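The residues making up each chain are set out below.
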Amino acid sequence: MLRSESEAELAFRREVRGWFERELPAELRDLTFRPLPDMVMPWYRKLSRQGWIAPHWPRAFGGMDASPVEQVILMEEAARIGAPEIPTQGLNQIGPILQRFGSDAQKEFHLPRILNGDAIWCQGYSEPGAGSDLASLRTAGSVEGDDVVVTGHKIWTTWGHHADWMYALVRTNKDVPKREGISFILIDMKSSGVLRRPIRTLADEFEFCEVFLDKVRVPRANIVGELNRGWTVATALLSQERLILGSPGNALRAYERLRRLARALGTRLSDSDKLMIAKARIELETLIASFLDAAEGFRDGRPVDSSYLKILSTETTQFILDAAQTVSGAYAGVKFPMDVDGTTIDFSELFLQSRRLSIYGGSNEIQRDLIARNVLAMPRGRA
Amino acid sequence: MSEIAGDQMLISDNVRRLFDASRALPRARAAAACWPDTDRTVLREFIEMGWLSLLLPEDDGGMGASAIDFVALIESLGDLLLPEPVGPMLATVSLLAACQSPAADRLLKAALGDERIVLAATEADRSLQGDTNHIVFDAHWADVVVFATGETEQFSLRAVAKIDVDGLDALVRNIDGGSLCSVRLDGSMGEELASGARARDIFMRCRNMQRLAAAASLLGLVRKSLQDAIDYVKLRRQFGVAVGSFQALQHRAATLHVACQSARALLYEAARTVGTANEAVACAAAKVKAADTAMAVVKESVQFHGAIGFSDEADVALFFRRAVALTAAYGTAEACHRTCFAG
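Everything numeric here is computed off the predicted structure, so don't read it as measured data. The residue numbers shown here count from 1 along each chain, following its written sequence. Each chain takes a letter, starting from A, and each ligand takes a number, starting from 1, following the order in which they are written. This being a predicted model, a pLDDT of at least 70 is required before a residue's local features are given, and a value of 80 or more before pairs of side-chain atoms are given or counted; all residues contribute to the totals for chains, interfaces and linings. The side-chain quantities take in all heavy atoms of the structure and omit both hydrogens and water.

**What to know about the sheet that holds strand S4 (residues 156–161) of chain B**
Residues and elements named next belong to chain B.
Turning to step 1, where the next piece is worked out: Should DSSP find at least two bridges between two strands, the strands are regarded as paired. Helix numbering and strand numbering both begin at the N terminus, where a helix is a DSSP run of H or I of at least 4 residues and a strand a DSSP run of E of at least 2. If you trace the 4 strands from one edge of the open sheet to the other, you get S1-S3-S4-S7, paired in mixed fashion. Looking along the sheet, the strands with just one partner apiece sit at the ends: strand S1 (118–120) and strand S7 (191–195). Averaged over all pairs of adjacent strands, the angle between strand axes in this sheet comes to 25 degrees, irrespective of strand direction.
Turning to step 2, where the next piece is worked out: As paired elements, S1 and strand S3 (residues 144–149) share 3 bridges and run parallel to each other. Across the sheet, leucine 119 pairs through a bridge with valine 145, a residue of S3.
Turning to step 3, where the next piece is worked out: The contact criterion used throughout is that any non-hydrogen atoms of two residues lie within 4.5 Å. Between N-to-C directions, angles span 0 to 180 degrees; the directions come from axes that are lines fitted to C-alpha atoms, helices contributing only their stretch in contact. Strands in contact with helix H7 (residues 196–235) are S1, S3, S4 and S7; relative to S7, the strand with the most contacts, it is inclined by about 95 degrees.

**Some details on unusual backbone geometry**
Turning to step 1, where the next piece is worked out: Of note in the backbone geometry, A:Asp204 takes a positive phi value of approximately 60 degrees without being a glycine.
Turning to step 2, where the next piece is worked out: Here A:Asp204 is to be found in the loop between strand S6 (194–199) and strand S7 (208–219).

**Describing helix H1 (residues 7–23) of chain A**
Turning to step 1, where the next piece is worked out: Taking 1.5 Å per residue, 17 residues should reach 24 Å; H1(A) reaches 24 Å between its end C-alpha atoms and fits that length.
Turning to step 2, where the next piece is worked out: Contacts from the buried residues of H1(A) go to helix H2 (37–50) and helix H3 (68–81) of chain A. An expected span of 1.5 Å times one less than the residue number is assigned to each helix.

**Some thoughts on the sheet that holds strand S6 (residues 179–183) of chain B**
Turning to step 1, where the next piece is worked out: The strand order across the open sheet built from 3 strands is S2-S6-S5 (chain B), with neighbouring strands paired in antiparallel fashion. Single-partner strands in this sheet number two, and they are strand S2 (134–137) and strand S5 (172–173) of chain B.

**What to know about the domain arrangement of chain B**
All names here are of chain B.
Turning to step 1, where the next piece is worked out: According to the domain assignment, chain B consists of domain 1 (6–199) and domain 2 (217–342).
Turning to step 2, where the next piece is worked out: Note that the domain bounds reflect an automated or database-derived domain assignment. Using C-alpha coordinates to define each centre, domain 1 is positioned 24 Å away from domain 2.
Turning to step 3, where the next piece is worked out: Taken together, the contact between domain 1 and domain 2 spans 24 residues of the former and 29 residues of the latter.
Turning to step 4, where the next piece is worked out: Values labelled buried area give the accessible surface lost by two parts on being combined, using a 1.4 Å probe and summing over both. With both sides pooled, the region where domain 1 packs onto domain 2 buries about 2,300 Å², and carbon together with sulfur makes up 63% of that total.
Turning to step 5, where the next piece is worked out: Broken down residue by residue, the surface that domain 1 buries against domain 2 is led by Arg29, Glu75 and Leu81, which jointly contribute 28%.
Turning to step 6, where the next piece is worked out: Within this document, salt bridges are pairs made up of a side-chain nitrogen of Lys or Arg and a carboxyl oxygen of Asp or Glu, the two lying within 4 Å of each other. Counting across the domain 1 and domain 2 interface gives 5 salt bridges.
Turning to step 7, where the next piece is worked out: Contacts described as polar in this section are N or O atom pairs within 3.5 Å, which, within protein, must combine one atom able to donate a hydrogen with one able to accept it, while residues neighboring in sequence count only if both atoms come from side chains. Connecting domain 1 to domain 2 are 9 residue pairs in polar contact (both at pLDDT 80 or more).
Turning to step 8, where the next piece is worked out: Of all the secondary-structure elements, those providing two or more residues to the side of domain 1 that touches domain 2 are helix H2 (21–30) and helix H4 (67–77).
Turning to step 9, where the next piece is worked out: Per-element tally for the side of domain 1 that touches domain 2: the top contributor is H4, with 6 residues.
Turning to step 10, where the next piece is worked out: Here the residues of the side of domain 1 that touches domain 2 are counted per class, giving 13 nonpolar, 3 polar and 8 charged. Residue polarity is assigned by list, with Asp, Glu, Lys and Arg as charged and Ala, Val, Leu, Ile, Met, Phe, Trp, Tyr, Cys and Pro as nonpolar; anything else, Gly included, falls into the polar class.

**What about the interface of chain B and chain A?**
Turning to step 1, where the next piece is worked out: Tallying the contact residues gives 38 residues for chain B and 38 residues for chain A.
Turning to step 2, where the next piece is worked out: Across the chain B to chain A interface the summed buried area is about 3,200 Å²; carbon plus sulfur atoms make up 65%.
Turning to step 3, where the next piece is worked out: Seen at the junction of chain B and chain A, the total is 2 salt bridges.
Turning to step 4, where the next piece is worked out: Residues A:Arg3 and B:Glu269 are paired through a salt bridge, measuring 2.7 Å at the closest nitrogen-oxygen approach.
Turning to step 5, where the next piece is worked out: Taken together, the links from chain B to chain A amount to 12 residue pairs in polar contact (both at pLDDT 80 or more).
Turning to step 6, where the next piece is worked out: Within the residue set of the side of chain B that touches chain A, elements represented by two or more residues are H7, strand S9 (241–242), helix H8 (247–273), helix H9 (279–305) and helix H11 (333–342) of chain B.

**Quick word on the domain arrangement of chain A**
All names here are of chain A.
Turning to step 1, where the next piece is worked out: Domain boundaries assigned for chain A yield domain 1 (7–86), domain 2 (121–229) and domain 3 (246–375).
Turning to step 2, where the next piece is worked out: Placing the centre of domain 1 and that of domain 2 at their C-alpha centroids yields a distance of 31 Å.
Turning to step 3, where the next piece is worked out: The partner domain 2 presents 7 residues to the 6 residues of domain 1 that form the contact.
Turning to step 4, where the next piece is worked out: Summing the contributions of domain 1 and of domain 2, the shared interface buries around 490 Å²; its carbon and sulfur component is 67%.
Turning to step 5, where the next piece is worked out: When the area that domain 1 buries against domain 2 is broken down by residue, the three leading residues are Phe33, Arg34 and Pro37, summing to 81%.
Turning to step 6, where the next piece is worked out: Remark: the boundary between domain 1 and domain 2 carries 1 salt bridge.
Turning to step 7, where the next piece is worked out: With a shortest N-O distance of 2.6 Å, arginine 34 and glutamate 207 are connected by a salt bridge.
Turning to step 8, where the next piece is worked out: Counting the contacts that link domain 1 with domain 2 gives 1 residue pair in polar contact (both at pLDDT 80 or more).
Turning to step 9, where the next piece is worked out: Taken together, the residues of the side of domain 1 that touches domain 2 break down into 5 nonpolar, no polar and 1 charged.

**Thoughts on the environment of A:Gln50**
All names here are of chain A.
Turning to step 1, where the next piece is worked out: For glutamine 50, the position within the fold is in helix H2.
Turning to step 2, where the next piece is worked out: What glutamine 50 contacts, discounting residues up to four positions off in sequence, is Glu15 and Trp19.
Turning to step 3, where the next piece is worked out: A polar atom in the side chain of glutamine 50 sits 3.2 Å from the side chain of tryptophan 19.

**Brief notes about the packing of aromatic side chains**
Two numbers describe a pair of aromatic rings. These are the distance of the centres and the angle of the planes.
Residue and element names in this part refer to chain A.
Turning to step 1, where the next piece is worked out: Pairing of aromatic side chains here covers Phe, Tyr and the six-membered ring of Trp, requires ring centres within 6.5 Å, and sorts the geometry by plane angle: under 30 degrees stacked, over 60 edge-to-face, intermediate tilted. Scanning all chains against the criterion turns up 18 aromatic pairs over all chains.
Turning to step 2, where the next piece is worked out: With 5.2 Å between their ring centres and 75 degrees between their planes, tryptophan 19 and tryptophan 52 make a pair best called edge-to-face. In this pair, tryptophan 19 is assigned in helix H1 and tryptophan 52 in the loop between H2 and H3, connecting sequence segments 33 residues apart.
Turning to step 3, where the next piece is worked out: Burial here depends on accessible area, computed with a 1.4 Å probe over protein chains only, as a share of the maximum for the residue type. Under 20% is buried, over 50% is exposed, and the range in between is partly exposed. Of the residues examined, tryptophan 19 reaches a relative accessible area of 8% and is grouped as buried.
Turning to step 4, where the next piece is worked out: For the ring pair phenylalanine 20 and tryptophan 52, a centre distance of 6.4 Å and an interplane angle of 75 degrees mean the geometry is edge-to-face. Separated by 32 residues along the polypeptide, phenylalanine 20 in helix H1 and tryptophan 52 in the loop between H2 and H3 bring together distant segments of the chain. Taken individually, phenylalanine 20 and tryptophan 52 each receive the classification buried, so the pair is uniform in this respect.
Turning to step 5, where the next piece is worked out: Each member of the aromatic cluster is reached from another via a ring pair, and the members are Phe109, Trp121, Tyr125, Trp165, Tyr167 and Phe184.
Turning to step 6, where the next piece is worked out: It is arginine 34 that lies over the ring of tryptophan 159; its NZ or CZ is 5.1 Å from the centre.
Turning to step 7, where the next piece is worked out: A ring is considered to have a charge above it if a Lys NZ or an Arg CZ atom is located within 6 Å of its centre and within 35 degrees of its normal. The ring of phenylalanine 109 has arginine 113 sitting right over it, with the charged end atom 3.7 Å from the ring centre.

As structure tokens, this is what we get:
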């Protein structure tokens, strides 16, 4: 962050740095993959007890209500120490949506479980035939008494195989225009009829899975908002999600990798390496400035051009990791992290993982369509 | 992000009126025919209004504007493509005030009183006309040039009258009607304004403000250029539809929008850092980001217009040429990248 910090902000940074250094176990540092729940959830709970698990949540819901600068400080310090990626679907997506659209019972039950790490969430949106064209989804729910009975097939579900709960879009009325017959439903993954199959990714990990739902009975009380009004909830969620996706957390992690690589190479850095590093830094600072601007604007009631942020943050992270690939030279394809003069360097893992960023959360092509139409007021395209 | 507001809005409106926005682009186009344009009528009025003291502290009779105000003003004038080097002049006047020496005070008084136009040389960017040469942009406007020589304790901030420098009238013409001039300046020339580490800080502040001003001008002009291009593709019809309905253009327009928004956020973030530890890195980053963004926008603006975009008659030609000239001026990509890597 380029901005100079106030006394209070500097004190907060010192506090965070000291606490991370004391509390983050060595085996959880500098991991490239998101650790499995057994390994990462104790750290999640520790952050929760410290009160730092939900920096962007309002205090009323148990969050930190952190300023945008404090949020960046937390992200910078997490990147610096090499803190592991924690599950974020609950904190960043369904948590905020329940705060806005959930019933009192839903808020009371779910929000504390998200905060204290008792529930891991996944998002049940994409289907084999419904990706960018999300509203054409076919997973169907029929109301039977106090239940909705759900049958269908979700796929590319991040951490679905580890999740306790799924928030899903389900078609509950087939006889109306497609966006008007969708409900937003919370599904307990332990329900009978839920079958999960992990999918190996390009990065040779199991980040996502497919989920088969076979006559899963879900209480009607688990519908968020009204029956058949789920599209409103989902699109509101998408905006919120994209503000979070605009956060520089991933880019900071990526830049920290590049910095370590530069440190390890030392005097062996070429002029063209230095140019790549300078460019990566400029892109990173551009993202941080844009996040601060948008988040401060959001706080002051200015609308957020969230598509712009989603594109910026994901492509910035990819740019930094592309630069790291170039600087890695002959080692760019090395599979596992290696020790280079006492520093552990990951060459390919984060880079491979970064390819998903421009696809999930509404692909960057969809975001560009939205900007062209909604921000630049360009005429609706021919299909 | 700071929107232009309050006093700066007032100044901006008045400055736009003064420079006659309706005549601005014809004037930029005419600069090709009657070069160089050094008509001081408007500039004199700018000075008479007291606007040159924008960045000076209120206690010294200045307007006490912040770097953010400065950036907002310059950005708001960017689309006028003024030949007058308003941003660099404001930065140089601010430098003179910071020196607090009799020589600098005399020069400051003369500058504010419209006798002498003072501009600062940039650091000795790789000159093609001698290794140790300084480059002075828009030297055709200057009566006096401020420059720096020497390292550390020998660092000397000096001012020299244009007529006392061989070659300061040997202008190299830029494609936008501006100029650059590469001259040999050394410690025997002119008079000293300040010396040592303090002088270096003052000079670096001026350099950073020049970079900010260039970035602000660039982002001001590309906002207009991008809007023009988008308006054009909404009107232009081929195959029975507006060409702006094609996704091939829409996605590129969206990409440019992202670049402009984010470069602007960085520009204002950089303005906030003036006077703090990260000032040099932030201003260098803002300049190079604005320049990259501007070049992407003007190139695509030409392409969006099709053949007419390649004609001198289209305004986009003017934006294009100014973007090229400003990209090269006040902090090259190479110099700015070096600052960013070192910081």
